[in-house]
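Examining the three-dimensional arrangement
One-letter residues, chain by chain:
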Amino acid sequence: MARTTDRSTTHLTRRLVQLYAGLALYGASSALLVRAGLGLEPWGVLHQGLAERTGISIGVVSIIVGAVVLLLWIPLRQRPGLGTVSNVFVVGLAMDGTLAVVGDPDALGVRIPVMVLGIVLNGMATGLYIAARFGPGPRDGLMTGLNHLTGRSIRLVRTAIEVAVVVTGFVLGGSLGAGTVLYALAIGPLAQLFLRMFALPAPAAAQVTVAPDEPSTPAPAAGSGPVAAPTSGQAILPQ
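Keep in mind the model is a prediction, meaning the values are calculated, not measured.

What counts, and where the lines are drawn
Residues numbered from 1 in each chain as written. Predicted model: local features only at pLDDT ≥ 70, side-chain atom pairs only at ≥ 80, totals over all residues. Heavy atoms only, no water. Helix = DSSP H or I, 4+ residues; strand = E, 2+ residues; numbered from the N terminus. Expected span 1.5 Å × (residues − 1). Buried < 20%, exposed > 50% of the residue type's maximum accessible area, 1.4 Å probe, protein only. Arc of directions from axis to C-beta. Contact = heavy atoms within 4.5 Å. Salt bridge = Lys/Arg side-chain N within 4 Å of Asp/Glu carboxyl O. Axes fitted to C-alpha atoms, helices over the stretch in contact; angles between N-to-C directions. Left-handed = near helix turned anticlockwise from the far one by under 90°. Nonpolar A, V, L, I, M, F, W, Y, C, P; charged D, E, K, R; others polar.

**Observations regarding helix α8 (residues 154-172)**
With 19 residues, α8 should cover 27 Å at 1.5 Å per step; its first-to-last C-alpha distance of 27 Å lies within 8% of that length. Within α8, the full set of buried residues consists of V157, R158, I161, E162, V165, V166 and G169. Buried positions in α8, seen along its axis, are confined to an arc of 155° and lie on one side of it. Among the structural elements, α2 (42-54) and α7 (138-150) are those in contact with the buried residues of α8. Residue G173 follows α8 closely and has a positive phi angle near 115°.

**Concerning the pattern of salt bridges**
Tallying each qualifying case throughout the model produces 3 salt bridges. Between R158 and D140 there is a salt bridge; the shortest N-O distance is 2.8 Å. Of the two residues, R158 sits in helix α8 while D140 sits in helix α7, which places them 18 residues apart along the sequence. Pair check on accessibility: R158 and D140 agree, each one buried. In this structure, R158 engages E162 in a salt bridge whose closest nitrogen and oxygen atoms are separated by 3.1 Å. With R158 and E162 both in helix α8 and 4 residues apart, the pair spans about one turn of that helix. Overall, the relative accessible area of 18% leaves R158 in the buried class. Look at the salt bridges and you will find they share partners, linking D140, R158 and E162 into a network.

**So, the packing of α2 against helix α3 (residues 58-71)**
Remark: α2 packs on α3, axes separated minimally by 9 Å, with the N-to-C direction vectors making an angle of 115°. Crossing handedness for the pair α2 and α3: right-handed. Judged by residue contacts, W43, G44, H47, Q48, L50, A51 and T54 of α2 engage I58, V61, S62, V65 and V69 from α3. Its residues placed into classes, the contact of α2 with α3 shows 7 nonpolar, 5 polar and no charged.

What follows is the structure, encoded as C-alpha coordinates:
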(Lines give C-alpha, C1' and ligand atoms only; values in the text may rest on other atoms or scores of the structure.)
Protein backbone atom coordinates (compact mmCIF):
# COMPACT_ATOMS: atom_id res chain seq x y z
CA MET A 1 0.00 0.00 0.00
CA ALA A 2 2.83 2.37 0.92
CA ARG A 3 4.63 1.49 -2.31
CA THR A 4 1.50 2.29 -4.32
CA THR A 5 1.16 5.65 -2.58
CA ASP A 6 4.80 6.47 -3.33
CA ARG A 7 4.31 5.64 -7.00
CA SER A 8 1.19 7.78 -7.21
CA THR A 9 2.94 10.70 -5.50
CA THR A 10 5.90 10.40 -7.87
CA HIS A 11 3.55 10.33 -10.85
CA LEU A 12 1.71 13.45 -9.66
CA THR A 13 5.00 15.22 -8.98
CA ARG A 14 6.23 14.48 -12.49
CA ARG A 15 2.98 15.80 -13.96
CA LEU A 16 3.32 19.04 -12.01
CA VAL A 17 6.95 19.44 -13.07
CA GLN A 18 5.97 18.91 -16.71
CA LEU A 19 3.10 21.36 -16.40
CA TYR A 20 5.14 24.27 -15.05
CA ALA A 21 8.25 23.47 -17.09
CA GLY A 22 6.09 23.46 -20.21
CA LEU A 23 4.38 26.73 -19.37
CA ALA A 24 7.64 28.47 -18.51
CA LEU A 25 9.27 27.16 -21.68
CA TYR A 26 6.28 28.30 -23.72
CA GLY A 27 6.68 31.85 -22.42
CA ALA A 28 10.44 31.78 -23.04
CA SER A 29 10.01 30.46 -26.59
CA SER A 30 7.45 33.15 -27.38
CA ALA A 31 9.95 35.73 -26.13
CA LEU A 32 12.57 34.36 -28.53
CA LEU A 33 10.14 34.88 -31.41
CA VAL A 34 9.70 38.48 -30.28
CA ARG A 35 13.47 39.00 -30.20
CA ALA A 36 13.90 37.40 -33.64
CA GLY A 37 11.56 40.04 -35.07
CA LEU A 38 10.48 37.88 -38.01
CA GLY A 39 6.87 37.27 -37.07
CA LEU A 40 5.03 35.85 -34.05
CA GLU A 41 2.54 33.08 -33.42
CA PRO A 42 -1.11 34.20 -33.96
CA TRP A 43 -1.94 35.19 -30.38
CA GLY A 44 1.54 36.69 -30.02
CA VAL A 45 0.71 39.08 -32.86
CA LEU A 46 -2.32 40.29 -30.90
CA HIS A 47 -0.37 40.56 -27.64
CA GLN A 48 2.39 42.55 -29.30
CA GLY A 49 -0.09 44.85 -31.02
CA LEU A 50 -1.86 45.57 -27.73
CA ALA A 51 1.48 46.10 -26.00
CA GLU A 52 2.48 48.63 -28.66
CA ARG A 53 -0.77 50.54 -28.22
CA THR A 54 -0.94 50.48 -24.42
CA GLY A 55 2.70 50.64 -23.39
CA ILE A 56 2.21 47.60 -21.16
CA SER A 57 4.74 44.78 -21.41
CA ILE A 58 3.79 41.96 -23.77
CA GLY A 59 3.89 39.44 -20.92
CA VAL A 60 1.40 41.43 -18.85
CA VAL A 61 -0.79 41.85 -21.93
CA SER A 62 -0.72 38.08 -22.36
CA ILE A 63 -1.89 37.66 -18.75
CA ILE A 64 -4.71 40.20 -19.20
CA VAL A 65 -5.89 38.65 -22.47
CA GLY A 66 -5.75 35.17 -20.94
CA ALA A 67 -7.84 36.31 -17.98
CA VAL A 68 -10.41 37.96 -20.24
CA VAL A 69 -10.65 34.84 -22.42
CA LEU A 70 -11.03 32.73 -19.28
CA LEU A 71 -14.02 34.86 -18.25
CA LEU A 72 -15.61 33.98 -21.59
CA TRP A 73 -15.61 30.36 -20.45
CA ILE A 74 -18.46 31.16 -18.02
CA PRO A 75 -21.26 31.58 -20.60
CA LEU A 76 -19.70 28.78 -22.67
CA ARG A 77 -19.85 26.45 -19.63
CA GLN A 78 -16.24 25.34 -19.88
CA ARG A 79 -14.49 23.96 -16.78
CA PRO A 80 -10.91 25.16 -16.12
CA GLY A 81 -8.24 22.97 -14.59
CA LEU A 82 -5.03 23.74 -12.73
CA GLY A 83 -3.19 24.03 -16.03
CA THR A 84 -5.76 26.50 -17.35
CA VAL A 85 -5.37 28.95 -14.48
CA SER A 86 -1.59 28.47 -14.30
CA ASN A 87 -1.34 29.16 -18.02
CA VAL A 88 -2.76 32.65 -17.58
CA PHE A 89 0.04 33.73 -15.26
CA VAL A 90 3.11 31.55 -15.85
CA VAL A 91 3.41 32.08 -19.62
CA GLY A 92 3.26 35.87 -19.35
CA LEU A 93 5.71 36.04 -16.44
CA ALA A 94 8.17 33.72 -18.19
CA MET A 95 7.88 35.77 -21.36
CA ASP A 96 8.69 39.07 -19.64
CA GLY A 97 11.49 37.41 -17.67
CA THR A 98 13.12 36.06 -20.83
CA LEU A 99 12.78 39.39 -22.64
CA ALA A 100 14.55 41.06 -19.70
CA VAL A 101 17.68 38.93 -20.15
CA VAL A 102 17.74 38.28 -23.92
CA GLY A 103 18.62 41.22 -26.14
CA ASP A 104 17.66 41.99 -29.74
CA PRO A 105 19.98 40.30 -32.27
CA ASP A 106 21.02 42.64 -35.10
CA ALA A 107 22.23 40.32 -37.84
CA LEU A 108 19.71 38.35 -39.91
CA GLY A 109 22.08 35.37 -39.64
CA VAL A 110 21.39 35.36 -35.89
CA ARG A 111 17.70 36.27 -35.99
CA ILE A 112 16.77 33.32 -38.22
CA PRO A 113 18.27 30.67 -35.88
CA VAL A 114 16.64 32.43 -32.90
CA MET A 115 13.29 32.24 -34.70
CA VAL A 116 13.75 28.53 -35.49
CA LEU A 117 14.84 27.82 -31.91
CA GLY A 118 11.79 29.64 -30.60
CA ILE A 119 9.43 27.56 -32.76
CA VAL A 120 11.08 24.25 -31.83
CA LEU A 121 11.06 25.09 -28.11
CA ASN A 122 7.43 26.16 -28.42
CA GLY A 123 6.59 22.72 -29.81
CA MET A 124 8.52 21.09 -26.96
CA ALA A 125 6.68 23.25 -24.43
CA THR A 126 3.37 22.23 -25.97
CA GLY A 127 4.24 18.54 -25.63
CA LEU A 128 5.28 18.97 -21.98
CA TYR A 129 2.20 20.97 -21.07
CA ILE A 130 -0.42 18.82 -22.79
CA ALA A 131 1.09 15.53 -21.60
CA ALA A 132 0.73 16.70 -17.99
CA ARG A 133 -3.07 16.50 -18.41
CA PHE A 134 -4.10 19.40 -16.17
CA GLY A 135 -6.57 21.04 -18.56
CA PRO A 136 -6.37 23.12 -21.74
CA GLY A 137 -5.17 26.70 -22.04
CA PRO A 138 -7.80 29.46 -21.83
CA ARG A 139 -7.72 30.15 -25.57
CA ASP A 140 -8.28 26.48 -26.38
CA GLY A 141 -11.23 26.38 -24.01
CA LEU A 142 -12.69 29.28 -25.98
CA MET A 143 -12.24 27.22 -29.14
CA THR A 144 -13.91 24.08 -27.76
CA GLY A 145 -16.68 26.13 -26.15
CA LEU A 146 -17.54 27.82 -29.43
CA ASN A 147 -17.37 24.43 -31.12
CA HIS A 148 -20.03 23.08 -28.74
CA LEU A 149 -22.13 26.25 -28.95
CA THR A 150 -22.17 26.62 -32.74
CA GLY A 151 -21.82 23.02 -33.83
CA ARG A 152 -19.05 24.04 -36.24
CA SER A 153 -15.93 21.91 -36.62
CA ILE A 154 -12.89 22.48 -34.41
CA ARG A 155 -10.84 23.24 -37.53
CA LEU A 156 -13.26 25.93 -38.70
CA VAL A 157 -13.64 27.51 -35.25
CA ARG A 158 -9.90 27.55 -34.59
CA THR A 159 -9.15 28.98 -38.02
CA ALA A 160 -11.77 31.71 -37.60
CA ILE A 161 -10.45 32.67 -34.16
CA GLU A 162 -6.81 32.78 -35.22
CA VAL A 163 -7.50 34.71 -38.43
CA ALA A 164 -9.43 37.29 -36.39
CA VAL A 165 -6.63 37.41 -33.79
CA VAL A 166 -3.87 37.82 -36.40
CA VAL A 167 -5.71 40.51 -38.37
CA THR A 168 -6.55 42.46 -35.22
CA GLY A 169 -3.02 42.17 -33.90
CA PHE A 170 -1.49 43.22 -37.21
CA VAL A 171 -3.75 46.28 -37.43
CA LEU A 172 -2.66 47.22 -33.90
CA GLY A 173 1.01 46.93 -34.86
CA GLY A 174 1.87 43.30 -34.13
CA SER A 175 4.67 41.55 -35.99
CA LEU A 176 3.50 39.38 -38.89
CA GLY A 177 6.08 37.70 -41.11
CA ALA A 178 7.94 34.56 -42.11
CA GLY A 179 8.00 33.38 -38.51
CA THR A 180 4.20 33.44 -38.39
CA VAL A 181 3.95 31.26 -41.50
CA LEU A 182 6.69 28.86 -40.37
CA TYR A 183 5.05 28.57 -36.95
CA ALA A 184 1.68 27.73 -38.51
CA LEU A 185 3.25 24.99 -40.64
CA ALA A 186 5.57 23.49 -38.05
CA ILE A 187 3.80 23.71 -34.69
CA GLY A 188 1.35 20.85 -35.34
CA PRO A 189 3.98 18.22 -36.26
CA LEU A 190 6.33 19.47 -33.53
CA ALA A 191 3.61 19.35 -30.87
CA GLN A 192 2.65 15.82 -31.91
CA LEU A 193 6.28 14.67 -31.81
CA PHE A 194 6.94 16.08 -28.35
CA LEU A 195 3.56 14.99 -27.03
CA ARG A 196 4.53 11.40 -27.77
CA MET A 197 8.00 11.96 -26.31
CA PHE A 198 6.71 13.34 -23.00
CA ALA A 199 3.60 11.19 -22.66
CA LEU A 200 3.16 9.90 -19.12
CA PRO A 201 1.99 6.32 -18.58
CA ALA A 202 -0.98 6.07 -16.26
CA PRO A 203 -0.02 4.52 -12.91
CA ALA A 204 -1.10 0.92 -12.62
CA ALA A 205 -4.25 0.44 -10.60
CA ALA A 206 -3.30 -0.99 -7.25
CA GLN A 207 -5.24 -3.49 -5.26
CA VAL A 208 -6.15 -2.57 -1.68
CA THR A 209 -5.60 -5.40 0.80
CA VAL A 210 -8.93 -6.38 2.36
CA ALA A 211 -10.38 -9.19 4.34
CA PRO A 212 -10.84 -12.49 2.46
CA ASP A 213 -14.63 -12.10 2.37
CA GLU A 214 -14.50 -8.58 0.91
CA PRO A 215 -13.99 -7.68 -2.76
CA SER A 216 -10.82 -5.86 -3.78
CA THR A 217 -11.16 -2.21 -4.85
CA PRO A 218 -8.62 -0.60 -7.17
CA ALA A 219 -7.11 2.56 -5.73
CA PRO A 220 -7.56 5.69 -7.85
CA ALA A 221 -4.48 7.39 -9.21
CA ALA A 222 -3.40 10.31 -7.05
CA GLY A 223 -3.82 13.63 -8.75
CA SER A 224 -6.20 12.31 -11.35
CA GLY A 225 -9.04 14.68 -12.11
CA PRO A 226 -11.91 15.07 -14.52
CA VAL A 227 -9.58 16.24 -17.29
CA ALA A 228 -9.03 13.44 -19.79
CA ALA A 229 -5.81 13.06 -21.73
CA PRO A 230 -5.99 14.19 -25.35
CA THR A 231 -6.48 11.50 -27.93
CA SER A 232 -3.47 10.31 -29.88
CA GLY A 233 -2.26 12.96 -32.29
CA GLN A 234 -4.48 15.68 -30.83
CA ALA A 235 -2.48 18.85 -30.21
CA ILE A 236 -4.23 21.45 -28.11
CA LEU A 237 -1.84 24.38 -27.88
CA PRO A 238 -1.38 25.91 -24.47
CA GLN A 239 -2.49 29.39 -25.35
